[in-house]
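Chains, contacts and geometry: an overview
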Amino acid sequence: MKSFNKNRSYPLWLTLPGLAVYTLFFIVPIAAAFLYSFTNWNLNDMSQARFVGLRNFKSLLQDDIFLRSVGNTLLFAAVITFFKTLIGLLLALLVVKPFPGNSLFRTVYYLPCVLSTMIVGLLFTAILRQDGLLNNLLYAAGLGSAARDWLGSYKPAMCWIMITEVWMWAGFSMFIFISGLQAISKDYYESAELDGANARQAFRHITLPLLAPSFTVITTLNITGGLKVFDLVYALTGGGPGFDTQVLSTYVYRAFGLGLLGKSSAAAILLSLLIVAVTFALNHFLRSMEVER
Amino acid sequence: MEKSYRKYLRTAVASLISLFFFIPILMMLLGSFKTQGEVLALDLSLPEEFRWENYAHVLKTGSILRGYLNSFIITSVSVAMILLFGALTGIIISRRKDKGSRIIYGYYLFGLTATMQMVTTYALMIKLHLNGTYLGVILVFAAINLPFAVLTFSSFVTGVPIEIDEAARIDGAEALQLVFRILLPIMKPVTVTNLIISAIGVWNNFQVPLYLMSSSKKMTIPMTVFNFYGLYARDWQYVFAALTITILPVVILYLALQQYIVEGMTAGAVKG
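Chains are numbered independently. Their residues run from 1 in the order of the written sequence. Going through the entries in the order they are written, you letter the chains from A and number the ligands from 1. For this predicted model, a pLDDT threshold of at least 70 governs which residues receive local features, and a threshold of 80 or more governs which side-chain atom pairs are given and counted, while totals over whole chains, interfaces and linings are taken from all residues.

1. Looking at the overall build of chain A
The helix and strand labels rest on DSSP assignments: H or I over at least four residues marks a helix, E over at least two residues marks a strand, and numbering proceeds from the N terminus. Looking only at helices and strands, chain A has 13 helices and zero strands in total. Start at the N end of chain A and walk to the C end: the helices and strands fall as α-α-α-α-α-α-α-α-α-α-α-α-α. The reference for a compact globule is 2.2 Å times residues^0.38; the radius of gyration itself is calculated from the C-alpha atoms. A globule of 293 residues ought to have a C-alpha radius of gyration of about 19 Å, yet chain A, at 24 Å, is considerably larger. Overall, chain A is about 85 × 75 × 35 Å in size when its C-alpha atoms are taken along their principal axes. Every C-beta atom is placed from the backbone, and the number of other C-beta atoms within 10 Å of a residue's own sets its class: buried at 20 or more, exposed at 12 or fewer, partly exposed in between. With 293 residues in all, chain A has 43% of them scored as buried. Once C-beta atoms are placed from the backbone, any two residues with those atoms within 7 Å are in contact. Long-range pairs, those at least 24 residues apart, make up 70% of the contacts in chain A with a sequence separation of at least 6.

Here it is, written out as structure tokens:
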């Protein structure tokens, strides 16, 4: 095959359109955000941006609302990852075996994953309002004393944002676990049974370890996705009451709305650094877990 | 005997769980047919009579159809760009195997972990006079979805035997023919995966148009519905009708293409 230059059949210029779009509309804004995060850039006069050193970062770290949004973001990512993994696994174990209607149930559990987060947010607003479905059901069940304005104070609002997220995406984890479970050879279970292992032992020593790759995928996806959460908070509480349920992405949007572009960029940069650090640590941790097994 | 009893136990448990998924949907469907008075107490009761005129009202005043059209334009064009650029780049860099293509691969890999910067994207749009235009939003969607497309296409092509290319070249295929006539058709599975993931992602995205689209004429469907809710927060019957109109086509599409969608989205997750 020396008659033609192999690479001539694959001209590099064909990659240029993609590279141009990707560079200009994704990479350039990232680089610019990094640079502008050290300036007093603002919406009133966007052509003027003066270098102010670390002032934006300092003021962020002294801003209670920012610190609160960091805390909420971390809490959100950790809690939803835990529950999506747990509930996804339970759902998968429930529907992976054949029984009447099992594929129908898979379809139902997965359905919210294809909906727009904004739409789901509005549906849950109707449920959680003071005069919403949940309270009305509670009154109907004689539990009227438990009724409250679920989105009106920090703790229930934060909980319900996370419950909504889990409601929406548990079916997604379920499907990843189902494909993980189906990949486990039946031989393992048969020989375990021959060795006299009971169902619980088989689950502990065969199923769980062999599902490690599924756990890795779900954890990584949900933690990084969870740190970026925006739509759901925006739709359900708008970061309120007050600034109580603010997360990093809504904080960035709020600073943007106030015209503080430099500060907003600084917050966005801190968010991306947080995501990179967490992803890196997580990969490291999960890989060492998989090797040990 | 004991086995079949267990089977039905599973069905029972699974049905109970599906209630959690059905109740919000049921509330929405029933509510969309009620009068304002009936819907004031959000519950699961049947409407006195099914008021289809709620839907007529929403379609007339809510610019939902306009939102649909906008979402359709933005999604179809950006997905076409993602597939074309992603496939081309994936093919070229996985076949060349030289230093340049390895650098390009790494460059896109960076994009997979990087976070989109909306504030500077907004400023860039203003600078390029693309602010509030379809084209601006389309280009941003294409850019943020390209890393995933490039990496999945590239790893798929790596698994396509090089002999196919060589046979085509012996038959006299030129570079572009080789790419468009021979390789693109082979890549159907990875194309479907990318089509589904990017189409659903773009269609449902709220954040990008929120920053970049201020004109109500060009708003996508999630934004249209959110604004509609802002205007009609006291008329839940209309909000529910708007939500139903928005959700229904997506659900029908999901039920029809379920297999592809679920496989596409999970395959995307595992490879991404």
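2. Side note on the overall build of chain B
Counting its regular elements, chain B contains 13 helices and zero strands. Listed N to C, the secondary structure of chain B is α-α-α-α-α-α-α-α-α-α-α-α-α in terms of helices and strands. In terms of overall dimensions, chain B is more spread out than a globule: its C-alpha atoms have a radius of gyration of 24 Å, far above the 19 Å expected for 272 residues. Taken over the C-alpha atoms alone, chain B extends approximately 75 × 70 × 35 Å along its principal axes. For chain B, buried positions account for 46% of its 272 residues. Taking the contacts inside chain B whose residues are at least 6 apart along the sequence as the reference set, 74% of them involve residues at least 24 apart.

3. Points about the interface of chain B and chain A
Each partner contributes to the interface: chain B provides 74 residues, whereas chain A provides 71 residues. Element by element, the count of residues in the side of chain B that touches chain A is highest for helix α13 (residues 236–271) of chain B, at 15 residues. Of the residues assigned to the side of chain B that touches chain A, the class counts are 49 nonpolar, 16 polar and nine charged. Under the scheme applied, nonpolar residues are Ala, Val, Leu, Ile, Met, Phe, Trp, Tyr, Cys and Pro; charged residues are Asp, Glu, Lys and Arg; polar residues are all the others, including Gly.

4. Describing the packing of helix α3 (residues 64–95) of chain A against helix α10 (residues 212–227) of chain A
Residues and elements named next belong to chain A. Interaxial angles span 0 to 180 degrees and are taken between N-to-C directions of axes, which are lines fitted to C-alpha atoms, for helices over the stretch in contact. Following both chains from N to C, one finds α3 and α10 inclined at 150°, their axes separated by 8 Å at the closest point. Relative to α10, the element α3 is oriented roughly antiparallel. In this structure, the crossing between α3 and α10 has a hand that is right-handed. On the side of α3, the interface is formed by Thr73, Phe76, Ala77, Ile80, Thr81, Lys84, Thr85 and Gly88, while α10 contributes Phe215, Ile218, Thr219, Asn222, Ile223, Gly226 and Leu227. Partitioning the contact of α3 with α10 into residue classes produces seven nonpolar, seven polar and one charged. If an angle is under 35 degrees, it is roughly parallel; if it is over 145, roughly antiparallel; if it lies from 65 to 115, roughly perpendicular; otherwise it is oblique. Take the far helix as your reference; a near helix turned counterclockwise from it by less than a right angle gives a left-handed crossing, and one turned clockwise gives a right-handed crossing.

5. Things to note about the domain arrangement of chain B
As used throughout, domain bounds are those supplied by an automatic or database domain assignment. Per the domain assignment, the segments making up chain B are domain 1 (2–58) and domain 2 (62–231). Distance from the C-alpha centre of domain 1 of chain B to the C-alpha centre of domain 2 of chain B: 37 Å.

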